[in-house]
Amino acid sequence: MALRLSLTALIAAALALLAGPALARCSKNLVEEFSPRLQRASFDDGLRLADGPSPNRAIITFLGHASYQIDTPQGVRAITDYNGINGFGRHPDIVTMNNAHGTHFTDEPEEGITYALRGWPREGETEARHDITLKDMRVWNVPTNARDWSGGVRINGNSIFIFAVGDLCLAHLGHLHQRLTPAHLEALGRIDVLMVPIDGAYTMGVPLMVDVVKQIEPKIVLPMHYWGRAQLDRFVTLLAPLEPAFVWPDKPTIEVAKEELPDKLTIIAVGGDGGG
């Protein structure tokens, strides 16, 4: 079954390019999109949400743990929370990393990567800041706090990375350890696809992570960083008051287009029973 959602209107909102990376953000929706209500969906040949030549689309592949691969129409490849292990095929052009654990970063990225973006500050810095563009992909970050091993707070120790492909905006929460502030939400802007850690322990409790999803209000949520169906079921149950659609694809790859986003929140379990 193909998911084809009609739009009553579409205005292509340009990304705000205001005065450097601190002001980078995804533009807010100018028009609300309306489509039939979705309760359940299943796909016999994997999930494909995009067809046609739209520049506002991305192919997203779950690689394991907190790593997603994002491919653009112009052939740019990015990998999130890149650890030098998760990945396949040709090397990525852009990688983003957070350093909460060794499974989220590497000090030795493979050769040929154009941009290796660290989500934590280097020595002498107060925060990491990035804003780069390669062909049809723009990537920047919003710093957030993280816990240290003693239970204290590492100010700006994590980054939410945002990937814009045309007018499609994807965000990866990294190793998030806090609710978002109004300043964070303003910096993020409108997010269409959100990659969310749902382990409930190494990041933060699942009820708090559900609150973050409610704060950001994405159209699509991709769970990650979990082990076993029970963690996924708990996350979905806590989001039940929002009456989301739930999609269980049989392949770890989906394609998403801005023009065909669902009207309501849709959870897609690209990681299957466990994030690895």
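Rules of the game
All residue numbers here refer to positions counted from 1 along the written sequence of the relevant chain. This being a predicted model, a pLDDT of at least 70 is required before a residue's local features are given, and a value of 80 or more before pairs of side-chain atoms are given or counted; all residues contribute to the totals for chains, interfaces and linings. Working from all heavy atoms in the structure, the side-chain values ignore hydrogens and water. Here a helix means four or more residues in a row that DSSP labels H or I, a strand means two or more in a row labelled E, and each is numbered from the N terminus. When accessible area is computed with a 1.4 Å probe and restricted to protein chains, residues below 20% of their type maximum are described as buried, those above 50% as exposed, and intermediate ones as partly exposed. All accessible areas in this document rest on Shrake-Rupley with a 1.4 Å probe, and a residue is counted as covered only by the protein chains that are shown. Note that the arc is computed from the directions linking the helix axis to the C-beta atoms. The contact rule is simple, with two residues in contact once any of their heavy atoms fall within 4.5 Å. The nonpolar core is taken to be a set of buried Ala, Val, Leu, Ile, Met, Phe, Trp, Tyr and Cys residues, with the residues joined through side-chain atoms within 4.5 Å.

Peer 1: Can you help me understand the overall build of the protein in this one?
Peer 2: Assigned secondary structure in the protein consists of three helices and 16 strands. Sorting the 276 residues of the protein into buried and exposed places 57% on the buried side. Accessible surface computed for the protein: about 11700 Å², of which carbon and sulfur atoms make up 54%.

Peer 1: Mind showing me how you'd approach helix H3 (residues 229-238) here?
Peer 2: Side chains that are three or four residues apart share a direction in an α-helix, a result of its 3.6 residues per turn. All of the buried residues along H3 are Leu232, Phe235 and Val236. Viewed end-on, H3 has its buried residues packed into an arc of 95°, placing them on one side of the element. When the buried face of H3 is taken as reference, the exposed residues oriented beyond 90 degrees from it are Ala230 and Thr237. Residues of H3 that are buried in the fold lie against strand E12 (193-197), helix H2 (206-216), strand E13 (220-224), strand E14 (245-247) and strand E16 (266-268).

Peer 1: Would you explain the nonpolar core in this entry?
Peer 2: Note on soluble globular proteins: their nonpolar side chains tend to be buried together. Ranked by size, the top nonpolar core spans 34 residues in total, and within it Leu173, Ile191, Val196 and Phe235 carry the most contacts. Elements supplying a minimum of two residues to this core: strand E9 (137-147), strand E10 (153-165), strand E11 (168-172), helix H1 (182-188), E12, H2 and H3. Those residues within four positions of Leu173 in sequence are excluded, and the remaining contacts are Asn158, Ser159, Ile160, Leu194, Met195, Val196, Pro197, Met209, Val212, Ile216 and Met224. Leu117, Met224, Ile254 and Val256 belong to the second largest nonpolar core, which has 30 residues in total.

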